[in-house]
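Architecture and fold: a report
Listed below are the residues making up each chain.
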Amino acid sequence: MIDPVTGEIIDQQQIAKQLLAQAKEQGVSLVGPGGLLGSLTKTVLETALEAELTEHLGYDKHGAAPGVNARNGTRAKTVLTEVGPVEIQVPRDRDGSFEPKIVRKRQRRLDGIDEIVLSLTARGLTTGEVAAHFDDVYGAQVSKDTISRITDKVLDELTEWSNRPLDRVYPVVFIDAIVVKVRDGQVRNKPFYVAVGVTTAGERDILGIWAGDGGEGAKFWLGVLTEIKNRGVEDVCIVVCDGLKGLAESINTTWELATVQTCIIHLIRNTFKYASRKYWDQIARDLRPVYTAPTEAAARARFDEFAEKWCTMYPAIRQLWQNAWAEFIPFLDYDIEIRRIICSTNAIESLNARYRRAVRARGHFPNDAAALKCLYLVTRSLDPTGRGRARWVTRWKPALNAFAITFDGRIN
């Protein structure tokens, strides 16, 4: 920083050291009521308000007023800041035309406080827990209604986000549903549908979140996919999903050329449901040659060997794999880089883990809108530094090169 009067460079670190030494000498704490940071915040806000009023009136403090309007004293006002409640003196003008911007009329908290509330809510804290947090940390009384009104500010943002235009083509789209407890007369489990697309630049794009109307079903998925298509998605190369009955037909109804790939991890997990726990390790080892086979014929041969060993004891496993075979084998035709990323829905499972953590902390929601608001707050809080996006893009580059060759003309 440069001193506007002398033109000398101001050493901010030296100033900070002097302030800390003076505060320590006078027994002033760094934070809390009457703390150093609170005093600095008060000084900065009051100085900024005075500067705004000077610009509004056209003359400096203690100067002669050029017109009828003039300064008219101050009024005390307490605002909640990131360092706690701070009482400031807001300057006034005679005719009441002064509209401050740094601390607006009737504004009782700085904008940074709203972001703190949204961040805490995104991590699953209830309105009561957020209020308790402000009381414990800042010594400030913030009502539950105020916190609820702050979080309601994102509803318009949620609507705009849910209806935004999407890319024309996505190499891969992952779809899944999570179960959320919602009070609808009584507390019951409701599916909330999530779709994540990978752009041609290798970036993750959360396409939307939809509240279901009952159990997870292919019919509802058809409506979700149709909405995604109506928002501009003309083509999807591969859709990775679980083995829900009828889902493949819904996908191909929406995008005729899309390849439907069953999540291999889901398939293996469902296999374990039919087997005794003590055999899980052996079954996992014997299944590996099936989903790592170089061709469909080799995979069929390896599965016949697996079935001969295990399906006499557990015949339901054979039925499970036979029903899912048509959606299991597509990835065997692709390059190893493509296989690695479409063999599971891990790309969306990691997102769902964040959703579940926030939902679990809340217990249940009064309605669908409250649940959607919570899930969207989690979405907007993801990857604040951008480092996750950079890692994601780097990891997807080899696969995107393979996609460009395999689906030549569709994603270029």
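Before reading on, note that the structure itself is shown above.
Residues numbered from 1 in each chain as written. Predicted model: local features only at pLDDT ≥ 70, side-chain atom pairs only at ≥ 80, totals over all residues. Heavy atoms only, no water.

**Looking at the overall build of the protein chain**
Put simply, the rule reads: Numbering of helices and strands runs from the N terminus; a helix is a DSSP stretch of H or I covering at least four residues, while a strand is a stretch of E covering at least two. Any residue under 20% of the maximum accessible area for its type is buried, any over 50% is exposed, and the rest in between are partly exposed; the area is computed with a 1.4 Å probe on protein chains only. By the convention used here, residues are in contact when the closest approach between their heavy atoms is within 4.5 Å.
Looking only at helices and strands, the protein chain has 16 helices and seven strands in total. Every one of the 412 residues in the protein chain was classed for burial, and the buried ones make up 44%. Restricting to contacts in the protein chain with at least 6 residues of sequence separation, those with at least 24 account for 62%.

**Considering the packing of helix H11 (residues 296-310) against helix H12 (residues 315-328)**
How two helices sit against one another is set out by the angle between their axes and by the gap between those axes. Definition in use: Think of each axis as a best-fit line through the C-alpha atoms, taken over the contacting stretch in the case of a helix, with angles from 0 to 180 degrees between the N-to-C directions. Convention used here: angles under 35 degrees read as roughly parallel, angles over 145 as roughly antiparallel, angles from 65 to 115 as roughly perpendicular, and any remaining angle as oblique. Take the far helix as your reference; a near helix turned counterclockwise from it by less than a right angle gives a left-handed crossing, and one turned clockwise gives a right-handed crossing.
The contact between H11 and H12 brings their axes to 11 Å, and the two run at 165°. Regarding the angle of H11 to H12, the classification is roughly antiparallel. The element H11 and its partner H12 pack so that their crossing is left-handed. Between H11, through Glu296, Ala299, Arg300, Phe303, Phe306 and Ala307, and H12, the contact on the second element is made entirely by Ile317, Arg318, Trp321 and Trp325.

**Describing the pattern of salt bridges**
Quick note on the threshold: Definition used for salt bridges: Asp or Glu carboxyl oxygen within 4 Å of a side-chain nitrogen of Lys or Arg.
Inspection of every chain in the model, using the stated rule, returns nine salt bridges. Two residues, arginine 410 and aspartate 235, come together in a salt bridge whose shortest N-O distance is 2.9 Å. In this pair, arginine 410 sits in the segment after helix H16 (387-406) while aspartate 235 sits in strand S6 (residues 235-241), placing the two residues 175 residues apart along the sequence. Aspartate 235 shares its class with arginine 410; the two are buried. Across the pair lysine 309 and aspartate 286 runs a salt bridge whose closest N-O atoms are separated by 3.0 Å. One end of the pair, lysine 309, is in helix H11; the other, aspartate 286, is in helix H10 (residues 280-291), with 23 residues separating them in the sequence.

**Some points on the sheet that holds strand S7 (residues 259-262)**
Spelled out, the test is: At least two bridges found by DSSP between two strands is the condition for calling them paired.
Pairing is mixed in the open sheet, where five strands are placed in the order S5-S4-S3-S6-S7. Each end of this open sheet is capped by a strand with a single partner; those strands are strand S5 (204-211) and S7. The sheet shows a mean angle of 25° between the axes of neighbouring strands, taken without regard to direction. For strand S3 (residues 169-184) and strand S4 (residues 186-198), the ladder comprises 13 bridges, and the chain directions are antiparallel.

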